[in-house]
2 protein chains.
Amino acid sequence: MLDYAGLEALAAVLREGSFERAARRLHVTPSAVSQRIKQLEERVGQVLVLRGSPCTGTDAGRRLCLHLEQVQLLENELRRANPDLLAGSSGAPAPTLKLAVNADSLSTWFMDAMAAFTAGGNELLDLRIDDQEHTGERLREGEVIAAVTATGAAIAGCNTWPLGTMSYVAAASPAFIVRHFAHGVTPAALARAPMMIYDRKDRLQERWLQAHGLATRAQPPRHALPSNFGYVRACEVGMGWGMHPTALIANQLAEGTLVALLPNAPLDVPLYWAHPRSAQQSLTRLTQCVMAAARHCLEAPPGAT
Amino acid sequence: MLDYAGLEALAAVLREGSFERAARRLHVTPSAVSQRIKQLEERVGQVLVLRGSPCTGTDAGRRLCLHLEQVQLLENELRRANPDLLAGSSGAPAPTLKLAVNADSLSTWFMDAMAAFTAGGNELLDLRIDDQEHTGERLREGEVIAAVTATGAAIAGCNTWPLGTMSYVAAASPAFIVRHFAHGVTPAALARAPMMIYDRKDRLQERWLQAHGLATRAQPPRHALPSNFGYVRACEVGMGWGMHPTALIANQLAEGTLVALLPNAPLDVPLYWAHPRSAQQSLTRLTQCVMAAARHCLEAPPGAT
């Protein structure tokens, strides 16, 4: 068996970022934490923690942490199903699941999944928000145990299920459209009108421009605003045009504070749920909650009945 | 004089993350970008770019970039004030200002500042969102040219102005309060009730617990959700209790979807606007917009008239 006291110390250091804070969490001294991690590193024959401010995990360290989280989830389920059997250990802390989700899912359908999941158990969630093209990397690197991703391609060691399609609309405020597109939504006008991007990884706007033959050699000026709420507001106040989940801005479109740049020109992004094959069992309940919320809010994946 | 063609290549590489994308932006070959940066590094006698995926800047590289941005801002103002004098160079791209702002400011008063600033000029904004205790570090490290911070303490080489106070309220959904605080908001109940944090850096909840004598040795279970919109929603759906800007959840408090844990127990966080002294002139218009929005939405700083 692995050294689980060592793994708990490792997980605490990576979560808290320092030996001191990890020690406080575990109610031991920092030198005890240091000792446990040193022993663990000797037994597995690899460096697991990159000492720094904050301390971070090596690939091997992160993989061991994810394994520990899976074991904790299974233990937690066992304890829930057998409250008498394990009454003595009921003081065990609730396990934490690290998930990577794209901001637009979080703003729309994923909240329902989290609400149902946390209402039905004591597990804690630690969310990382990233572009849907990049959440898969966080899974591959062992930083999270499951991810909502736009990559249907296989991720080594992972299972991937289609969740459905998120529909995006290019929209801006009426005043912005009058100011920049009085002579039509042309490539020349789009080359000068400020475009809102979420962050540097965000390529949705460029994909939409290309899909409609509107891309030019001159790239449009860009404001970057990595906040889902702020992104919509920034378009409403006229800072730029942007790609919005159609469901998220339904009110704004109905009230006319945001207007589609082109009629009937959505961009459809298929989404997937992915996690390591080894975590399938420990994530059963979460996967059910995620699937139910996606079925309710996203357009059905192609081929689904 | 510095080599400004080299500085432009450096800024493009750090902004785009790779030599290839920087070359596309500048309409030159990747080897031309590489050559310019090599020459610049030889002239300043330091490594400026850490080659990787993505490429990142050394301290010196970031500082040179910020200098370039300040020069571009000044050029931009000169061009606006003298359209005839510089007609030949009117094709210069709009300068981009990197700013660090805390999520709660972005959700409340900072949007007005950005709307006024972008409506009055062509400058582009590149926002970084971080905890108000940590935005100052991004300024110190030369990653941004200005920041909204909670640190009134002097930052080397920077000017700092008080903006006013943001008031926070600890709140949760009525169902959550019934479930966890039926016998009062006690230290024992708070040690078991899930707490929402924005991310690992977020200490507002702990500060509030300490301010009201409610902290315990056992730390509360925590969900982490680094999204301003998602954070409020997660509390509304009953995932946990959290610290919210009072102004942000005024509707929820009025409608009763969120309820204060304790009456009349706000946590006041003073905010500051900080930027390098050398950037004072180039940031004059932005600073005016920021001050005006803060004056309108935040509580006046102590001692202000």
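Residues numbered from 1 in each chain as written. Chains lettered and ligands numbered in written order. Predicted model: local features only at pLDDT ≥ 70, side-chain atom pairs only at ≥ 80, totals over all residues. Heavy atoms only, no water.

### A look at the overall build of chain A
How we decide: Helix and strand assignments come from DSSP, with helices taken as H or I runs of at least 4 residues and strands as E runs of at least 2, each series counted from the N terminus. Three exposure classes are used, based on accessible area relative to the maximum for each residue type with a 1.4 Å probe and protein chains only: buried under 20%, partly exposed in between, and exposed over 50%. By definition in these notes, contact holds between two residues if any of their heavy atoms fall within 4.5 Å. Throughout, the Shrake-Rupley method with a 1.4 Å probe supplies accessible areas, and for residues the shown protein chains are the sole cover considered. By the counting rule applied here, Lys and Arg register as positive and Asp and Glu as negative, while His and the ends of each chain are not counted. Charged side chains are reduced to one point each, which is NZ for Lys, CZ for Arg, CG for Asp and CD for Glu.
Secondary structure assignment for chain A yields 13 helices and eleven strands. Based on the C-alpha atoms only, the size of chain A along its principal axes is roughly 70 × 45 × 30 Å. The buried share of chain A, taken over its 305 residues, is 51%. When contacts within chain A are restricted to residue pairs at least 6 apart in sequence, those whose partners lie at least 24 apart make up 74%. Per element, the accessible surface of chain A, about 13500 Å² overall, is 53% carbon and sulfur. If the 28 positive side-chain charges of chain A are averaged to one point and the 28 negative ones to another, these points end up 4 Å apart.

### Digging into the pairing of strand S3 (residues 96-101) of chain A
Every regular strand shows the same layout, with side chains that alternate between the two sheet faces. Residues and elements named next belong to chain A. Just so we agree on the cut-off: Strands are labelled as partners when DSSP assigns at least two bridges between them.
Taking burial as the measure, the six residues of S3 include five buried ones, the bulk of the element. As paired elements, S3 and strand S4 (residues 124-129) share six bridges and run parallel to each other. Pairing of Leu99 across the sheet is with Leu127, part of S4.

### Description of the packing of helix H1 (residues 4-16) of chain B against helix H2 (residues 19-26) of chain B
Residue and element names in this part refer to chain B. The following threshold applies: As a rule, the C-alpha atoms of each element are fitted with a line to give its axis, helices using only the stretch in contact, and angles between N-to-C directions run from 0 to 180 degrees. When an angle is under 35 degrees it counts as roughly parallel; over 145 it counts as roughly antiparallel; between 65 and 115 it counts as roughly perpendicular; any other value is oblique. Crossings are sorted by hand: turned counterclockwise from the far helix by less than a right angle, the near helix makes the crossing left-handed, and turned clockwise it makes it right-handed.
Two numbers describe how H1 lies on H2: the axes approach to 8 Å, and their chain directions differ by 125 degrees. What the angle tells us is that H1 and H2 run oblique. Of the two possible hands of crossing, H1 and H2 adopt the one that is right-handed. Note on element contacts: H2 touches H1 through Phe19, Arg21, Ala22, Arg25 and Leu26, opposite Glu8, Ala9, Ala12, Val13, Arg15 and Glu16.

### A closer look at helix H11 (residues 228-236) of chain B
Those residues of H11 of chain B lying buried are Asn228, Gly230, Tyr231, Val232, Ala234 and Cys235 of chain B. The positive-phi residue at the C-terminal boundary of H11 of chain B is Gly238 of chain B, with phi of around 90 degrees.

### Digging into helix H13 (residues 284-297) of chain B
Residues and elements named next belong to chain B. Selection rule: Between the first and last residue of a helix there are one fewer steps than residues, each counted as 1.5 Å, and that sum is the expected span.
In a regular helix each residue adds 1.5 Å, so 14 residues correspond to 20 Å; H13 covers 20 Å between its end C-alpha atoms and thus fits that length. Of the residues making up H13, those classed as buried are Arg285, Leu286, Thr287, Cys289, Val290, Met291, Ala293 and Ala294. Those residues of H13 that are buried lie in contact with helix H4 (59-81), strand S3 (96-101), helix H6 (110-119), strand S6 (158-172) and strand S11 (267-276).

### What about the packing of aromatic side chains?
All names here are of chain A. Inclusion rule: Side-chain rings of Phe, Tyr and Trp (the six-membered ring for Trp) are treated as a pair once their centres are within 6.5 Å; stacked means planes under 30 degrees apart, edge-to-face means over 60, and tilted covers the remaining angles.
Counted by the stated rule, this structure contains eight aromatic pairs over all chains. Seen from their ring centres, Phe176 and Phe181 are 6.1 Å apart, and the 70 degrees between their planes marks the pair as edge-to-face. Here the two residues Phe176 and Phe181 agree in accessibility, since each one is buried. A ring pair is formed by Trp208 and Trp241, whose centres lie 5.5 Å apart and whose planes are at 55 degrees; its orientation type is tilted. Of this pair, Trp208 sits in helix H10 (residues 204-211) while Trp241 sits in the loop between helix H11 (228-236) and strand S9 (242-245); the two residues are 33 residues apart in sequence, bridging distant segments of the chain. Taken together, the ring pairs in this structure connect Trp109, Phe110 and Trp273 into an aromatic cluster.

### A look at the interface of chain B and chain A
The criterion, for reference: Note on definitions: buried area is the accessible-area loss of two parts on being combined, 1.4 Å probe, summed for both. What makes a salt bridge here is a side-chain nitrogen of Lys or Arg within 4 Å of a carboxyl oxygen of Asp or Glu, nothing more.
Taken residue by residue, the interface counts 41 residues in chain B and 41 residues in chain A. Of the roughly 3600 Å² buried at the junction of chain B and chain A (both faces included), carbon and sulfur atoms supply 57%. In this structure, the connection of chain B to chain A is made through two salt bridges. Note that Arg222 of chain B is salt-bridged to Glu16 of chain A, the shortest N-O span being 3.3 Å.

### Quick notes on the relation of the copies chain B and chain A
The criterion, for reference: When the copies are overlaid, the least-squares fit takes in C-alpha atoms only where the residue has pLDDT of at least 70 in both copies.
Overlaying chain B with chain A gives an RMSD of 0.0 Å, the required rotation being 180 degrees about an axis along which the chain moves by 0.0 Å. One copy is carried onto the other by what is essentially a two-fold rotation axis. No C-alpha of chain B approaches the rotation axis more nearly than that of Phe229 of chain B, which lies at 2.8 Å. Comparing contact sets, 100% of the residues at the interface of chain B also lie at the interface in chain A, consistent with an isologous, same-surface contact.

### Quick look at the UniProt feature "domain: HTH lysR-type" (unreviewed entry) in chain A
Let me state the cut-off plainly: UniProt positions are given in the numbering used here, feature names are shortened, and annotations may be inferred rather than shown by experiment.
Those places that UniProt annotates as "domain: HTH lysR-type" (unreviewed entry) correspond, in this numbering, to residues 2-58 of chain A. Along residues 2-58 of chain A, the helical share is 63% and the strand share 7%, with 18 Å between the first and last C-alpha atoms.

### Examining the pattern of salt bridges
Residue and element names in this part refer to chain A. A complete count under the given rule lists 30 salt bridges over all chains for this structure. In this structure, Arg62 engages Asp59 in a salt bridge whose closest nitrogen and oxygen atoms are separated by 2.8 Å. On the criterion of helical spacing, the pair formed by Arg62 and Asp59 is a turn pair, its members being three residues apart in helix H4 (residues 59-81). A relative accessible area of 46% means that Asp59 is categorised as partly exposed.

### Topic: the layout of surface pockets
Stated formally: Points on a 1 Å grid over protein atoms alone make up a cavity when a 1.4 Å probe fits among them but cannot get out, and a pocket when they form an open set with protein on both sides within 12 Å along at least five of seven lines; lining residues each have an atom within 4 Å of a point. Grid points are joined across faces, edges and corners, and a volume is the space filled by probe spheres set on the points. Side-chain classes are defined by residue name, with Ala, Val, Leu, Ile, Met, Phe, Trp, Tyr, Cys and Pro counting as nonpolar, Asp, Glu, Lys and Arg as charged, and the others, Gly among them, as polar.
The calculated volume of the second largest pocket comes to roughly 660 Å³. Lining the second largest pocket we find 29 residues, and of these Phe229 and Arg233 of chain A together with Phe229, Leu248 and Gln252 of chain B sit closest to its centre. In terms of residue class, the lining of the second largest pocket is made up of 13 nonpolar, ten polar and six charged.

### Focus: the side chain of Glu16 of chain A
Threshold: Any pair of nitrogen or oxygen atoms within 3.5 Å is treated as a polar contact; in protein, a donor-acceptor pairing is required on top of that, and neighbouring residues in sequence qualify only through side-chain atoms on both sides.
Structurally, Glu16 of chain A can be placed in helix H1 (residues 4-16). Residue Glu16 of chain A is classed as buried on the basis of its relative accessible area of 3%. Within the local environment of Glu16 of chain A, its side chain forms a polar contact with the side chain of Arg222 of chain B, the two groups lying 3.3 Å apart. With sequence-adjacent residues up to four places away left out, Glu16 of chain A is seen in contact with Arg21, Ala22 and Arg25 of chain A together with Arg200 and Arg222 of chain B.

### Quick notes on the state of the cysteines
Residue and element names in this part refer to chain A. This is how it is decided: Working definition: a disulfide is two cysteine sulfur atoms within 2.5 Å of each other.
For the structure on display, the rule yields zero disulfides over all chains. We note that Cys65 lacks a disulfide partner, and the nearest cysteine sulfur, in Cys55, lies 12 Å from it. Given a relative accessible area of 3%, Cys65 falls into the buried group. Cys289 takes part in no disulfide bond, and the closest cysteine sulfur to it belongs to Cys297, at a distance of 13 Å. Here Cys289 falls in the buried class, since its relative accessible area comes to 13%.

### Quick word on the packing of H1 of chain A against helix H3 (residues 30-44) of chain A
Residues and elements named next belong to chain A. Put simply, H1 and H3 touch, their axes get as near as 8 Å, and they point 115 degrees apart. The angle between the axes of H1 and H3 places the two elements in the roughly perpendicular class. Crossing handedness for the pair H1 and H3: left-handed. Together, Ala5, Gly6, Leu7, Ala9, Leu10 and Val13 of H1 and Val33, Arg36, Ile37 and Leu40 of H3 make up the contact between the two elements. Its residues assigned to classes, the contact of H1 with H3 comprises eight nonpolar, one polar and one charged.

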